[in-house]
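# An overview of the molecular structure
Given next are the chains, with one letter for each unit.
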Amino acid sequence: MASGEGILTDGQWKKLEIATQNSGSLSSSPKSHTLFADLNIKSPTGGKGPVAGFPNRHVRRTHSGKHIRVKKDGAGGKGTWGKLLDTDEGDSCIDKNDPNYDSGEDAYDGLVDSPVSDPLDDYKKAVVSIIEEYFSTGDVKVAAADLRELGSSEYHPYFTKRLVSMAMDRHDKEKEMASVLLSALYADVILPDQIRDGFIRLLRSVDDLAVDILDAVNVLALFIARAIVDEILPPIFVARSKKILPESSKGFQVIVTAEKSYLSAPHHAELVEKKWGGSTHTTVEETKKKISEILKEYVENGDTYEACRCIRELGVSFFHHEVVKRALVLAMESQTSEPLILKLLNEAAEEGLISSSQMVKGFFRVAESLDDLALDIPSAKKLFDSIVPKAISGGWLDDSFKVTSDQDGGKSSQDGKLRQYKKDTVNIIQEYFLSDDIPELICSLQDLGTPEYNPVFLKRLITLALDRKNREKEMASVLLSALHMELFSTEDFINGFIMLLESAEDTALDIMDASNELALFLARAVIDDVLAPLNLEEISTKLPPISTGTETVRSARSLISARHAGERLLRSWGGGTGWIVEDAKDKISKLLEEYETGGVTSEACQCIRDLGMPFFNHEVVKKALVMAMEKQNDRLLNLLEECFGEGLITTNQMTKGFVRVKDSLDDLSLDIPNAKEKFEMYASHAMDNGWILPEFGISATQ
């Protein structure tokens, strides 16, 4: 019926409702939610319809009725639109023939997806290639040229670090090559500060290096020792590095290893240079020998061009001051060769072969050694004074040298008496090093009768000891203790150390670890009561603020302030006589304690005599006076009286002992309230009986 065409039966309504529900589930499948985006569940119905408990796959139908899986990120397959903002990167480019081409777009074309270049990254990549090529060819000149051509000199500390770290993980051949290259690049391509900074970076990163290189600590320690021996790192580098590195770090271990295992060993320079074979390296001594040969050959043939070429081929621009020094000495030894020598130095300066600073340094070294040269060349000073104006007027020596040399003229013009004194003291010191006879040395000095030269003796003693083994260094320190108050005053020691520290930089040219050794001598003098800690401050004020000498004083203070400083410093050179001194202190304490509790005077005197250290008897006096005050037992004065009466303890040793107690009265008063009253009584008794020098009474009242 027509009237019934628009009306659905109940059965038809149910079918329509079911169809509508099915259509809704297809269009809003749970699979479309991001929670199910990564699920890969197949429909048990083969994808034809949903089943309860199984979410539908998000499918898309083409007009052909085929099912097409949607790709990741919405990119479709054939017959789909593809993903959102799909730009076809591979084919995307600006086409100038396109009708819609805009020339303004060219400016941005190079900026899209272009990587930002980091100069340091580029430098790092380049130096690795340079180092690898150098390890293959061994051509130092090519490596130097490549590094110079690379530029970016501000990054050279990284080159130092990279070169050493790469060599550390290779054979001895590459380690030796790395050391040789650093020496060749020093000052010419890489500045000294950049070498130092490179090694500092290595010390700070050695914890990481040790992960891949098992013996990294030892290898890097050897590299540092080698750098110091090759004079591309100053000896003070060791002390400075200790200050900036945590004691618990491997970097600190490297410094300690370099100092104790390599730089402190006998003949350490030769050992370090040959550690990796040394086949490609010329030692400092060999270089000095070659310089002498070049100069002698030049004097014979007069070929300036050939001499300059030979000097240049040495490849040691940082060591040209040695050329200047040896040339000047040769000119003074043979006056007929002076014109040729001056011509050579003039030519080398004009060519830029020898820099102005190296020239001045060479002249300074000769000026400092004029006293020694005068022993072999009596007219050395006169000849040198005649050469200096010629060099300045010729324009190859800086004018500043004349000003400085004029100021130092009074110091360097020593009369025949001083020259003879220096010659005599060298013989006395050398004999002492052989015999170890302190009383004999003291008698020899007294026979010279020149106490005004005591600081000169101290300087000569320590300078000679610096270039010898630990045994002689220990003997020198013990001798200083014996000379204190026996012959030398505190002022003599202060002036002697000032003279040493003023010439520390020149000393370091011949003795690699001179600065560290001088710091040990200073610290040891304080530990042995030869100097007071305040004396270090006085010494420091008389030195230039920025100098090797001032840095040495700082190092000495650090050594003294360290834990167990006394024991360590007494053992600093192997614990020879220094440890005997410490052992003697213990023996003195025990014999005094035994005597104080009822011992026999004659036995106590014999024990003091058996110590065999007459220069150390002031320690007996000091400990006896302190124990008498602590124990309130004046019987100990009887022992001192007996020792003085037998001549066992001299007046000088007795006076020194009293002075030491007087200087420590403030500290003693903290534990012994009546210490000052007791000491005044003891001092008065000593003065009345003539035990101590009359000068003590004057100083005690001041």
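Residues numbered from 1 in each chain as written. Predicted model: local features only at pLDDT ≥ 70, side-chain atom pairs only at ≥ 80, totals over all residues. Heavy atoms only, no water.

## A closer look at the overall build of the protein
Secondary structure assignment for the protein yields 39 helices and two strands. A fraction of 72% describes how many contacts in the protein between residues 6 or more apart in sequence connect residues 24 or more apart. A total accessible area of about 37,700 Å² is found for the protein, and carbon and sulfur atoms account for 51% of it. (Helix = DSSP H or I, 4+ residues; strand = E, 2+ residues; numbered from the N terminus. Contact = heavy atoms within 4.5 Å. Areas by Shrake-Rupley, 256 points an atom, 1.4 Å probe, with all protein chains shown as cover.)

## Points about the side chain of Lys422
The residue Lys422 is located in helix H22 (residues 416–435) in this model. Those residues in contact with Lys422 that sit more than four places away from it in its chain are Asp371, Val456 and Arg460.

## Quick notes on the packing of aromatic side chains
Tallying each qualifying case throughout the model produces eleven aromatic pairs. Relative to Tyr158, the ring of Tyr123 has its centre 6.4 Å away and its plane inclined at 65°; by these criteria the two rings are edge-to-face. Of this pair, Tyr123 sits in helix H3 (residues 119–137) while Tyr158 sits in helix H5 (residues 156–168), and the two are 35 residues apart along the sequence. An identical accessibility class is assigned to Tyr123 and Tyr158; each is buried. Each residue in the set Tyr123, Tyr155 and Tyr158 is aromatic and connected to the rest through ring pairs, giving one cluster. Taking the ring centre of Tyr595 as reference, the NZ or CZ of Arg635 above it sits at 4.2 Å. (Phe/Tyr/Trp six-rings, centres within 6.5 Å; stacked < 30°, edge-to-face > 60°. Buried < 20%, exposed > 50% of the residue type's maximum accessible area, 1.4 Å probe, protein only. Lys NZ or Arg CZ within 6 Å of the ring centre and 35° of its normal.)

## Focus on the side chain of Lys175
With respect to the helices and strands, Lys175 occurs in helix H6 (residues 172–185). Once residues lying within four places of it in the same chain are set aside, the contact partners of Lys175 are Ala167, Met168, Arg170, Val219, Phe223 and Trp276.

## Topic: helix H16 (residues 338–350)
Relative to the 18 Å expected for 13 residues at 1.5 Å per residue, H16 spans 18 Å between its end C-alpha atoms, a close match to the ideal helical length. When H16 is considered as a whole, its buried residues turn out to be Glu338, Ile341, Leu342, Leu344, Leu345 and Ala348. All buried residues of H16 fall inside an arc of 160° around its axis, so they share one side. Among the exposed residues of H16, those oriented more than 90 degrees off its buried face are Pro339 and Glu350. (Expected span 1.5 Å × (residues − 1). Arc of directions from axis to C-beta.)

## Let's talk about a negative patch on the surface
A surface patch of negative charge is lined by Glu431, Asp436, Asp437, Glu440 and Asp447. Within the secondary structure layout, Asp437 lies in the loop between H22 and helix H23 (438–448). (Patch = residues over 30% accessible without salt bridge, like charges linked within 9 Å, V, L, I, M, F, W, Y side chains within 5 Å. Salt bridge = Lys/Arg side-chain N within 4 Å of Asp/Glu carboxyl O. Lys, Arg positive; Asp, Glu negative; His and termini not counted. Charge placed at Lys NZ, Arg CZ, Asp CG, Glu CD.)

## Concerning the confidence of the model for the protein
Summary statistics for the protein give a mean pLDDT of 78 and a share of 76% for residues scoring 70 or more. Mean pLDDT in the protein bottoms out at helix H21 (residues 409–412), which sits at 44, and peaks at H5, which reaches 93. Ignoring residues within four places in sequence, the model shows residues 26–74, a span with pLDDT below 50, making 45 contacts including any to other chains. Counting contacts from residues 403–414, a segment whose pLDDT is below 50, to residues more than four positions away or on other chains yields six contacts. (pLDDT = per-residue confidence, 0-100.)

## Overview of the nonpolar core
Ranked by internal contacts, the top residues of the largest apolar core, which has 59 residues, are Phe159, Met168, Phe199, Leu203, Leu220, Phe223 and Ile224. No other element matches helix H9 (residues 216–229), which puts twelve residues into this core. Residues Tyr453, Leu458, Leu500 and Ala523 belong to the second largest nonpolar core, which totals 54 residues. (Core = buried A, V, L, I, M, F, W, Y, C linked by side-chain atoms within 4.5 Å.)

## A closer look at the pattern of salt bridges
Any two side chains of opposite charge can pair if their charged atoms end up close together. Counted under the stated rule, the structure contains 27 salt bridges. Residue Glu537 is joined to Arg557 by a salt bridge in which the shortest nitrogen-to-oxygen separation is 3.0 Å. Of the two residues, Glu537 sits in helix H29 (residues 533–541) while Arg557 sits in helix H30 (residues 548–561), which places them 20 residues apart along the sequence. A residue is classified by how much of its surface remains accessible, and Glu537, at 42% relative accessible area, is partly exposed. On the basis of relative accessibility, which here comes to 31%, the residue Arg557 falls in the partly exposed class. What you see here is one network of salt bridges that share partners, running through Arg240, Lys243, Glu551 and Arg554.

## Points about helix H36 (residues 651–663)
Taking 1.5 Å as the rise per residue, H36 with 13 residues should run 18 Å; its terminal C-alpha atoms sit 18 Å apart, in good agreement. Listing the buried residues of H36 in full gives Gln653, Met654, Thr655, Lys656, Gly657, Phe658, Arg660 and Val661.

## Re the packing of helix H34 (residues 617–631) against helix H38 (residues 675–689)
Between H34 and H38, the shortest axis-to-axis distance is 10 Å and the interhelical angle comes to 130°. The orientation of H34 relative to H38 falls into the category oblique. Classified by chirality, the crossing of H38 by H34 is right-handed. Between H34 and H38, the residues in contact are Leu625, Ala628 and Met629 and Ala675, Lys678, Phe679 and Tyr682, respectively. Of the residues belonging to the contact of H34 with H38, the class tally is six nonpolar, no polar and one charged. (Axes fitted to C-alpha atoms, helices over the stretch in contact; angles between N-to-C directions. Parallel < 35°, antiparallel > 145°, perpendicular 65-115°, else oblique. Left-handed = near helix turned anticlockwise from the far one by under 90°. Nonpolar A, V, L, I, M, F, W, Y, C, P; charged D, E, K, R; others polar.)

## Focus on the environment of Val329
Turning to its location among the elements, Val329 is positioned in helix H15 (residues 320–333). Since its relative accessible area comes to 14%, Val329 is described here as buried. Sequence spacing of Val329 and Phe384 is 55 residues, and the spatial spacing of their C-alpha atoms is 8.9 Å. With residues up to four places along the chain from it excluded, the contact list for Val329 reads Leu373 and Ile377.

## Some points on unusual backbone geometry
The phi torsion at Ser152 lies on the positive side, around 50°, for a residue other than glycine. By relative accessible area, which is 29% here, Ser152 ends up partly exposed. Of note, Glu231 is a non-glycine position whose phi angle comes to about 65°, a positive value. Positionally, Glu231 belongs in the loop between H9 and helix H10 (236–244).

## Points about the packing of H15 against H16
The relative placement of two packed helices is expressed as an angle between their axes plus a distance between the axes. Where H15 meets H16, the axes come as close as 8 Å, and the angle between the chain directions of the two elements is 160°. Classified by the interaxial angle, the pair formed by H15 and H16 is roughly antiparallel. When you trace H15 past H16, the crossing you get is left-handed. For the pair H15 and H16, the contacting residues are Val324, Ala327, Leu328, Leu330 and Ala331 in the first and Glu338, Ile341 and Leu345 in the second.

## Some details on the state of the cysteines
Throughout the structure, instances matching the rule amount to zero disulfides. The cysteine Cys310 is free of any disulfide, with Cys308 supplying the nearest cysteine sulfur at 9.4 Å. (Disulfide = S-S within 2.5 Å.)

## A short note on the environment of Glu551
With respect to the helices, strands and loops of the structure, Glu551 is situated in helix H30. Each C-alpha atom, one on Glu551 and one on Ala519, is 8.9 Å from the other, the two residues being 32 residues apart in sequence. Excluding anything up to four places from it in sequence, Glu551 contacts Ile236, Arg240 and Lys243.

## Some points on the environment of Lys124
Within the fold, Lys124 resides in helix H3. Since its relative accessible area comes to 29%, Lys124 is described here as partly exposed. Residues Lys124 and Arg162, spaced 38 residues apart in sequence, show a C-alpha to C-alpha distance of 8.5 Å.

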